Amino acid sequence: MGVEYAFASVMYAGGKGIVVSMLLSAVITMMGLTALAGTRVWPKVQIAAFFPVAIGAGMVAGAAVSGHTDLMLGGSVLVMFATVAVRRFGIPYFFYGFMGWRFLM
């Protein structure tokens, strides 16, 4: 949260922007920690390696539909359904999808 505070401050996000940035980082941290449950190290490394990919995909999609409320809402619904559908491949995929969906909004 400290990193997000510093980043939002440097970007002149304002009071509300700083709070939103810090809350978003807390949510992503909690999701990441939940996805990395277990005792074996190598599977955790493999799962965590794709966190930036999932977040980046969501950010690109979010930037593409910014300013178009209907597209943003429709895309959020579609991505949320896809997030739940990929859960059958394993719990890490659910978290990848959710991280991507979160940044789409």
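Below, the structure is looked at part by part. As the structure is a prediction and not an experimental result, all values here were calculated from the model.

1. Considering the overall build of the chain
In step 1: Across its full length, the chain holds six helices and zero strands.
In step 2: In the chain, the order of α-helices and β-strands from amino to carboxyl end is α-α-α-α-α-α.
In step 3: In the chain, which comprises 105 residues, the share counted as buried stands at 25%.
In step 4: Across the chain, contacts joining residues at least 24 apart in sequence account for 54% of those joining residues at least 6 apart.
In step 5: Total accessible area on the chain stands at roughly 7,100 Å², and carbon and sulfur atoms take up 76% of it.

2. A word on a nonpolar patch on the surface
In step 1: On the surface, F7, V10 and M11 cluster together into a nonpolar patch covering about 340 Å² of accessible area.
In step 2: The topology assignment puts V10 in helix α1 (residues 2-10).
In step 3: Looking at V10, the relative accessible area reads 59%, which means it is exposed.

The rules behind each value
Residues numbered from 1 in each chain as written. Predicted model: local features only at pLDDT ≥ 70, side-chain atom pairs only at ≥ 80, totals over all residues. Heavy atoms only, no water. Helix = DSSP H or I, 4+ residues; strand = E, 2+ residues; numbered from the N terminus. Buried < 20%, exposed > 50% of the residue type's maximum accessible area, 1.4 Å probe, protein only. Contact = heavy atoms within 4.5 Å. Areas by Shrake-Rupley, 256 points an atom, 1.4 Å probe, with all protein chains shown as cover. Patch = residues over 30% accessible without salt bridge, like charges linked within 9 Å, V, L, I, M, F, W, Y side chains within 5 Å. Salt bridge = Lys/Arg side-chain N within 4 Å of Asp/Glu carboxyl O.

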